Amino acid sequence: VQKTRKLIETQAKLSNLRATLEKKVEEKTADLQMKITEREQIEIAIKASERKYRNLVENALVGVFSSNLKGQFQFVNEAFCAILQYDSAAKLISRSLQSLFKSYNDYKAFLEELRKNNQAKNYELELVSLPGHTRWVIVNVLLKRDYLSGMILDITERKKSEMKEIENQEELRT
């Protein structure tokens, strides 16, 4: 009789422990499911945001690029390609940043500015297009660690007008 009572008590305790354990498992499962759902919603929001900004960058009127400090392009948008007269990003990405500069000294000065200030703002450069023409651009570039990201704006026509104006003024003086 006593063994039976102990057995019944032990079974009751085990039953209570099992119920408590099952309840905790259910609570943890519900908690994990909620966290998974939250994470999935965050991932969906991040992907939507990435699509939105990628679309913005890809369709910008200014050239947008990223490269490492060694000058290997990671990304260029269509406007960047158009400014330098490349018909595809793949062709331009295969080039180095340095190869686009009209002079090596300009490239060195540009890198020095970046290293000194971690940025170059409204920095005027002469770059060389695919057909070999000089393209004047203004760049804004940020340097973070060994990663460059920036934008370029083609000012070639403005520079040509300024040079023509200087020539006209010199002719009037003589």
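Structure: see above.
Residues numbered from 1 in each chain as written. Predicted model: local features only at pLDDT ≥ 70, side-chain atom pairs only at ≥ 80, totals over all residues. Heavy atoms only, no water.

### A look at the overall build of the protein chain
Here is the rule: Helix and strand labels come from DSSP, where a helix needs a run of H or I of at least four residues and a strand needs a run of E of at least two; each type is numbered from the N terminus. We compute the radius of gyration over the C-alpha atoms and compare it with the globule rule, which gives 2.2 Å times the number of residues raised to the power 0.38. By definition in these notes, contact holds between two residues if any of their heavy atoms fall within 4.5 Å. The method behind every accessible area is Shrake-Rupley, applied with a 1.4 Å probe, and residues are considered shielded solely by the protein chains displayed. Think of it this way: Lys and Arg go in the positive column, Asp and Glu in the negative one, and His and the chain ends go nowhere. Here the site of a charge means NZ on Lys, CZ on Arg, CG on Asp, or CD on Glu.
Within the protein chain, the secondary structure is distributed over five helices and five strands. For the protein chain, the N- to C-terminal ordering of α and β elements is α-β-β-α-α-α-β-β-β-α. Radius of gyration (C-alpha) of the protein chain: 32 Å, far over the 16 Å computed for a compact globule of 174 residues. With the principal axes as the frame, the protein chain shows a C-alpha extent of 130 × 30 × 30 Å. In the protein chain, once contacts between residues fewer than 6 apart in sequence are set aside, the share between residues at least 24 apart is 39%. On the protein chain, roughly 13,000 Å² of surface is accessible, and the fraction owed to carbon and sulfur atoms is 54%. Separation between the mean location of the 30 positive side-chain charges and that of the 25 negative ones in the protein chain comes to 11 Å.

### A look at the packing of aromatic side chains
The relation between two aromatic rings is expressed through the spacing of the ring centres and the mutual angle of the planes. Here is the rule: Note on aromatic contacts: the rings of Phe and Tyr and the six-membered ring of Trp form a pair at centre separations within 6.5 Å, being stacked when their planes are under 30 degrees apart, edge-to-face when over 60 apart, and tilted otherwise. Buried residues are those whose accessible area, probed at 1.4 Å on protein chains only, stays under 20% of the maximum for their type, while exposed residues exceed 50% and partly exposed ones sit between those limits. We count a charge as sitting over a ring when the NZ of a lysine or the CZ of an arginine lies within 6 Å of the ring centre and within 35 degrees of the ring normal.
For the coordinates displayed, the defined rule picks out seven aromatic pairs. Ring centres of Y104 and Y107 lie 6.3 Å apart, and the angle between their planes is 40 degrees; this geometry places the pair in the tilted category. One end of the pair is Y104 and the other is Y107, both in helix α4 (residues 104-117) and three residues apart, which spans about a single turn. Given a relative accessible area of 46%, Y104 falls into the partly exposed group. Chaining the aromatic ring pairs together yields one cluster made of F101, Y104, Y107, F110 and Y123. Sitting over the face of the ring of W136, K159 holds its NZ or CZ atom 4.5 Å from the ring centroid.

### Section: unusual backbone geometry
Of note in the backbone geometry, N118 takes a positive phi value of approximately 60 degrees without being a glycine. Mapped onto the elements of the fold, N118 is located in the loop between α4 and β3 (119-128). Even without a glycine there, the phi angle at R145 is positive, about 55 degrees. Secondary-structure assignment places R145 in the loop between β4 (134-144) and β5 (147-154).

### Comments concerning the nonpolar core
Rules: Side-chain atoms within 4.5 Å are what join buried Ala, Val, Leu, Ile, Met, Phe, Trp, Tyr and Cys residues into a set we call a nonpolar core.
With 27 residues, the main nonpolar core has F80 and F110 as its most contacted residues. Those residues in contact with F80, other than ones at most four positions away along the chain, are G63, V64, F65, F73, L92, L100 and I152.

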